[in-house]
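Each chain, letter by letter, is given below.
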Amino acid sequence: MDTRLADFIRDTRAGKEAEEILRSCVHCGFCTATCPTYQLLGDELDGPRGRIYLIKQVLEGKPVSEKTRLHLDRCLSCRSCETTCPSGVKYSRLLDIGRQVVEEKLPRRAGAALTRTLLRQVLPRPAIFRPLVKLGQALHPLLPTALADRLPPPGSFTARPWPVQARQLRRMLLLAGCVQPALAPNINAATARVFDKLGISLFEEAKAGCCGAVRFHLNDQAAARDDMRRNIDAWWPHVEAGIEAIVVTASGCGVQVRDYGYALIDDAVYAKKASKISELCRDPAEIIAAERVKMLDFLAAVRVERGKLAFHSPCTLQHGLKIRGIIEEFLDSAGYQLSPVAEAHLCCGSAGTYAILQPELSGRLRENKLAALSAAAPRMIVTANIGCLMHLQAGSVLPVRHWIELMDEILA
Ligand code: SF4
Ligand code: SF4
C-alpha cells in the first residue's frame, strides 16, 4: 500500500514500523472473511482491511474523528486476521500504534475516560479487586443480573493445596497475575500439582503483579510498561539464578509477557532483560508438550470414558501464541470426547475489557460462540484463559473450566 506518513511520526521507530506494515498489506481482503466484527456488522471499516486504511489516514496526518475511534475501539485485538493474512501483515502492531496516536489526538469524553481510568486502576490491583469481588458475592441477590452473572460462583475461591515447594530439581516461575488469583486461585494450584508430577516445582514471586495487558489494551501504554519493568525487576534474581521458564496460565497474559521484548525495545535499561523474559515465557501446554511421553503415559494409566466436552481455544492461544492441537490431544488421551466446534477461529467476545466496553458486540459474539460450543451437547466447556472462562460462564449453564484443572483432577 503506497504510504506517505506525516512529519509528526515519519522518523520515529513507531512510524518506520507502521510504514513497513502498511507497505506489506496488498489489500487483498482475505482477512475480512475471518474477522468477527466484520461478520457481525458487515462494514468494511469494521474489518482489518478497513481499519488498516483508517490507521493509514491517521498516520498520514488526516483529521481524527469519533468515527475513526469507533471502528478502532470495536476491534477485539483477536488477531484472527493475522492468522489468515497470506502476506504476514503485523496488524496488531499497527493497531497499537494507531490507537496510541488516536488517543493522543482526540481525548475521550469525560464519562468514557472515567470508565477507562477506573478499569486501569482497579483490575490490575488484587488488593482492591479481590475485596470488591467478595463484596459483590455477598450482595449477589441485590445486584443487576448483568453484573451478578459476571461474578464467580461461591466456592471458586477454594484452591486445592499446592505441592511441597521446591522439592523437584527443575524449578520454574509462575505468574500469579492480577484478576485470576481473585477469581479462580485453583488454576495456578492445579498447574503446580500437575507440574510436580512431571518433576517440576513451580513458585510465584510475590513482588510480580499484573503482566501489563490491562493497561496496554486500555491504551495506557506508559503505565503498562511500568508494570512490565516491575515484573522484570521481581523476576530477574531468579533469571540470574538460572530459572528454566516463566509459566503463565492465562493465555491472554502469556501473549503480553511473550511481547515484553518488543514493548521495551526502546528502553536502554530494560530492553535486553525484557527480551530474555520473552524467551523464558511459556504457556503450561508448551511445557507439558515437552514432557509429552511422560504425560501420555500418566493419562493412559487412568484413562476411562469421561464424556463429551467442547474446547474453546482462546484467540490469545491460537492466534497470539500459535498453540494449536496440544491441549486437545491431552484431553482426548484422558478419555474425553471432544465435540466439533464450528468457526473455532472466532473470538468469544471476552477480549480483556472488551466485554465491559463493548457489551452489545461482546454479547452477540458470546451467544454465537456458546451456540457453536453447545451444538453437540457436551457436558462442559474447557478453555485456557481466565477472561474467556468468566465470560463464557456468565452466559452458560454448562460448567466452564480451565483445562489444567481437569488434568489435575484426573492425575490426583
Ligand atoms: S489479508 Fe493481509 S494483505 Fe490482505 S488485506 Fe488483509 S492484511 Fe492486507
Ligand atoms: S484483530 Fe480481530 S477484530 Fe480486529 S480486525 Fe483483526 S480479526 Fe477483526
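Since we're looking at a predicted model, the values are computed, not measured. Within each chain, residue numbers correspond to sequence positions counted from 1 in written order. Chains and ligands are labelled by the order in which they are written, letters from A for the one and numbers from 1 for the other. Since the coordinates come from a predicted model, pLDDT governs what is reported: local features require at least 70, and pairs of side-chain atoms require 80 or more to be given and counted, while whole-chain, interface and lining totals use all residues. With hydrogens and water set aside, each side-chain value is computed from the structure's full complement of heavy atoms.

S.K.: If you had to explain the site of ligand 2 to someone new, which residues and values would you point to?
M.R.: To be near a molecule or strand, a residue needs just one of its heavy atoms within 4 Å of it. Residues in contact with ligand 2 amount to 13 residues; listed here are only the nearest, Cys35, Arg51, Cys75, Cys78 and Cys81. Of all elements in the fold, only α3 (36-41), α4 (48-59) and α6 (80-84) reach the threshold of two or more residues within the shell around ligand 2. For this scheme, ten residues count as nonpolar: Ala, Val, Leu, Ile, Met, Phe, Trp, Tyr, Cys and Pro. Four count as charged, namely Asp, Glu, Lys and Arg, and the remainder, Gly too, count as polar. Residue classes in the shell around ligand 2 are distributed as 8 nonpolar, 3 polar and 2 charged. Secondary structure counts use DSSP, requiring at least four H or I residues in a row for a helix and at least two E residues in a row for a strand, with both numbered from the N terminus.

S.K.: Tell me what's going on with the sheet that holds strand β8 (residues 400-402), and back it up with residues and numbers.
M.R.: Think of it this way: DSSP has to see at least two bridges between two strands before they count as a pair. Read from one edge to the other, the open sheet built from 4 strands follows the order β6-β5-β7-β8, with strand pairing classed as parallel. Both edges of this open sheet fall to β6 (336-338) and β8, since each of them pairs with a single strand only. For this sheet, the mean angle separating the axes of adjacent strands, direction not counted, is 40 degrees. Across 3 bridges, strand β7 (residues 380-383) lies against β8 in parallel orientation. Counterpart to Ile381 in the pairing with β8 is Val400. Every residue pair with non-hydrogen atoms within 4.5 Å of one another is taken to be in contact. All axes here are fitted lines through C-alpha atoms, helices being fitted over the stretch that makes contact, and every angle between N-to-C directions spans 0 to 180 degrees. Where helix α24 (residues 386-393) meets the sheet, its contacts fall on β7 and β8, and the angle it forms with β8 comes to roughly 170 degrees.

S.K.: Tell me about the packing of helix α14 (residues 221-240) against helix α17 (residues 271-280), and please be specific about residues and values.
M.R.: Following both chains from N to C, one finds α14 and α17 inclined at 70 degrees, their axes separated by 11 Å at the closest point. Between α14 and α17, the crossing angle belongs to the class labelled roughly perpendicular. The residues of α17 that touch α14, namely those facing Ile232, Trp235, Trp236 and Val239, are Lys273, Ala274, Lys276, Ile277 and Leu280. Of the residues belonging to the contact of α14 with α17, the class tally is 7 nonpolar, no polar and 2 charged. Orientation categories follow fixed angle ranges, with anything under 35 degrees roughly parallel, anything over 145 roughly antiparallel, 65 to 115 roughly perpendicular, and all other angles oblique.

S.K.: Please provide a residue-by-residue account of the domain arrangement of the chain, values included.
M.R.: Note that the domain bounds were set by an automatic or database domain assignment. Each domain of the chain was delimited in the assignment, giving domain 1 (7-105), domain 2 (110-148), domain 3 (170-286) and domain 4 (292-411). On a C-alpha basis, the centroid separation for the pair domain 3 and domain 4 is 22 Å. Taken together, the contact pairs 23 residues of domain 3 with 25 residues of domain 4. Both sides of the domain 3 and domain 4 interface together cover about 2,100 Å² of buried area, and 72% of this is carbon and sulfur. The rule for a salt bridge is simple: a side-chain nitrogen of Lys or Arg has to be within 4 Å of a carboxyl oxygen of Asp or Glu. At the junction of domain 3 and domain 4, the tally comes to 1 salt bridge. A salt bridge links Asp408 to Arg193; the nearest nitrogen and oxygen atoms lie 2.8 Å apart. Under this definition, polar contacts are N or O atom pairs within 3.5 Å; protein pairs additionally need one hydrogen-donor-capable and one acceptor-capable atom, and for neighbouring residues in sequence, both atoms have to be side-chain atoms. Here domain 3 and domain 4 share 9 residue pairs in polar contact (both at pLDDT 80 or more) between them. Elements supplying a minimum of two residues to the side of domain 3 that touches domain 4: α11 (180-183), α12 (186-197), α15 (251-258) and α18 (284-290). It is α12 that provides the largest number of residues to the side of domain 3 that touches domain 4, a total of 7 residues. Here's the idea: put two parts together, see how much 1.4 Å probe accessible area each one loses, and the total over both is what we call buried area.

S.K.: Quick rundown of the nonpolar core? Include the residues and the values.
M.R.: Remark: nonpolar core denotes a set of buried residues (Ala, Val, Leu, Ile, Met, Phe, Trp, Tyr, Cys) joined through side-chain atoms within 4.5 Å. Exposure is judged per residue with a 1.4 Å probe applied to protein chains only, and the accessible area is read against the type maximum: over 50% gives exposed, under 20% gives buried, and values in between give partly exposed. Ranked by size, the top nonpolar core spans 65 residues in total, and within it Ile288, Met295, Leu331, Trp403 and Met407 carry the most contacts. Here Ile288 is in contact with Val194, Phe195, Leu198, Met295, Phe330, Trp403 and Ile404, once residues within four sequence places are set aside. In terms of nonpolar packing, the next biggest core, distinct from the first, is built from 26 residues, Leu173, Tyr270, Ala274 and Ile277 among them.

S.K.: If you had to explain the packing of helix α5 (residues 66-73) against helix α7 (residues 91-105) to someone new, which residues and values would you point to?
M.R.: Packing of α5 against α7 leaves a shortest axis separation of 11 Å and a crossing angle of 145 degrees. In the crossing of α5 with α7, the sense of the turn from one axis to the other is left-handed. On the side of α5, the interface is formed by Thr68, Arg69, Leu72 and Asp73, while α7 contributes Leu95, Gly98, Arg99, Val102 and Glu103. In this scheme, a crossing is called left-handed if the near helix is turned counterclockwise away from the far one by less than a right angle; it is called right-handed if the turn is clockwise.

S.K.: Any chance you could break down the pairing of strand β2 (residues 200-204) for me, citing the residues and the numbers?
M.R.: Most of β2 is tucked away, with 4 of its 5 residues classed as buried. Relative to β2, strand β1 (residues 170-174) runs parallel, the two being bridged by 5 bridges. Each bridged residue has a counterpart across the sheet, and for Leu174 the counterpart in β2 is Glu204.

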